[in-house]
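Take a look at the letters that make up each chain.
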Amino acid sequence: ARQVGGKSTAIVTQTGGELNYAFADQGGRENSATIAQSEGFMNSARQRVSGNENTATNTQTDGMINYSYTYQFGNENTATIAQSEGEFNRATINQGRAVKNTATIAQSGGEQNRAGARQTGNENTATHTQTDGMNNYSYNDQFGNENTATNTQTDGMNNDSFFSQF
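So, a few notes on the structure that sits alongside this text. (Residues numbered from 1 in each chain as written. Predicted model: local features only at pLDDT ≥ 70, side-chain atom pairs only at ≥ 80, totals over all residues. Heavy atoms only, no water.)

Thoughts on a nonpolar patch on the surface
Piece 1. Taken together, the side chains of L19, F41, M42, M64 and I65 make up a nonpolar region of the molecular surface, amounting to roughly 420 Å² of accessible area.
Piece 2. For L19, the position within the fold is in the loop between β2 (9–15) and β3 (21–29).
Piece 3. Look at L19 and you get exposed, because its relative accessible area is 59%. (Patch = residues over 30% accessible without salt bridge, like charges linked within 9 Å, V, L, I, M, F, W, Y side chains within 5 Å. Areas by Shrake-Rupley, 256 points an atom, 1.4 Å probe, with all protein chains shown as cover. Salt bridge = Lys/Arg side-chain N within 4 Å of Asp/Glu carboxyl O. Helix = DSSP H or I, 4+ residues; strand = E, 2+ residues; numbered from the N terminus. Buried < 20%, exposed > 50% of the residue type's maximum accessible area, 1.4 Å probe, protein only.)

Here it is in structure tokens:
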């Protein structure tokens, strides 16, 4: 799905199968894109966003070796990735040179999942939550001023969480 301009909405849904790929590209203001993938193997959900006040949401359920990536460039953007009941899943959000962006990653169930956010700019917020997992890894890298990062890992074993703020 490709959106240029403002106030547009794109929704992509994929169920079952292997090696599914969904890509949303947004440019402009106040756009919204949602990618939902379920019951898959080696699925990929990717979003690229430039502009302000855009929303990108990726949801992956009951999958294995799924990859979800969102890149946002602009101000006051929101990125959310939710992965549940999977193993070896990866979730990454990059928000560059911006102000007041929000990155949220939630992973529940599964093993050896990875969650990461990298933000440059000021007044950005990153939140990661990993529940009921084992050998999961979470990281936040933030460059700028007045940024906030929160990682929460509950009901799991051998999980790691790392922060870097510069």
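Description of the nonpolar core
Nonpolar side chains tend toward joint burial in soluble globular proteins.
Piece 1. Core analysis: the largest hydrophobic core is formed by nine residues, namely A79, I81, A91, I93, A103, I105, A115, A117 and A126.
Piece 2. Non-local contacts of A117, meaning those with residues more than four positions away in its chain, are made with I93, A103, A126, H128, Y139, N140 and D141.
Piece 3. Judged by nonpolar contacts, the second largest core, of six residues, contains A10, A22, A24 and I35. (Core = buried A, V, L, I, M, F, W, Y, C linked by side-chain atoms within 4.5 Å. Contact = heavy atoms within 4.5 Å.)

Considerations on the packing of aromatic side chains
The description of two aromatic rings rests on the distance between their centres and on the angle between their planes.
Piece 1. Applying the stated rule across the entire model yields four aromatic pairs.
Piece 2. On the numbers, 6.1 Å between centres and 45° between planes, the contact of Y137 with Y139 is tilted.
Piece 3. For Y137, a relative accessible area of 27% corresponds to the partly exposed category.
Piece 4. Here Y139 falls in the partly exposed class, since its relative accessible area comes to 24%.
Piece 5. Arranged with centres 5.4 Å apart and planes meeting at 45°, the rings of Y137 and F162 form a pair that is tilted. Taken as a pair, Y137 in strand β13 (residues 137–143) and F162 in strand β15 (residues 160–165) lie far apart in primary sequence, 25 residues in all.
Piece 6. For F162, a relative accessible area of 42% puts it in the partly exposed group.
Piece 7. Of the aromatic side chains, those joined through ring pairs into one cluster are Y137, Y139 and F162. (Phe/Tyr/Trp six-rings, centres within 6.5 Å; stacked < 30°, edge-to-face > 60°.)

A word on the pattern of salt bridges
Piece 1. As enumerated under the stated definition, the model contains four salt bridges in all.
Piece 2. Close ionic contact of R48 with D25 constitutes a salt bridge, the shortest N to O distance being 2.8 Å. Here R48 is found in strand β5 (residues 44–52), whereas its partner D25 is found in strand β3, with 23 residues between them in sequence.
Piece 3. Using a relative accessible area of 10% as the deciding quantity, one classes D25 as buried.
Piece 4. Overlapping salt bridges, with partners in common, bring together R2, D25 and R48 in one network.

A look at the environment of A149
Piece 1. Inspection of the secondary structure assignment puts A149 in strand β14 (residues 148–154).
Piece 2. For the pair A149 and F163, spaced 14 residues apart in the sequence, the C-alpha separation amounts to 7.7 Å.
Piece 3. Look past the residues within four positions of A149 in its chain and what remains in contact with it is A126, N140, Q142, F163 and Q165.

Considerations on a negative patch on the surface
Piece 1. Judged by side-chain charge, E39, D62, E85, D132 and D155 come together as a negatively charged surface patch.
Piece 2. Within the secondary structure, E85 is located in the loop between β8 (78–84) and β9 (90–99). (Lys, Arg positive; Asp, Glu negative; His and termini not counted. Charge placed at Lys NZ, Arg CZ, Asp CG, Glu CD.)

Things to note about the sheet that holds β15
Piece 1. Taken in spatial order, the eight strands line up as β1-β3-β5-β7-β9-β11-β13-β15 in an open sheet, and their pairing is parallel. Looking at which strands have only one partner, the edges of the open sheet turn out to be β1 (2–6) and β15. Geometrically, the sheet is characterised by an average inter-axis angle of 5° between neighbouring strands, direction not taken into account.
Piece 2. Relative to β3, β1 is paired through five bridges, and the arrangement is parallel. In the strand pairing of β3, Q3 is matched with Q26. (Pairing = 2+ DSSP bridges. Axes fitted to C-alpha atoms, helices over the stretch in contact; angles between N-to-C directions.)

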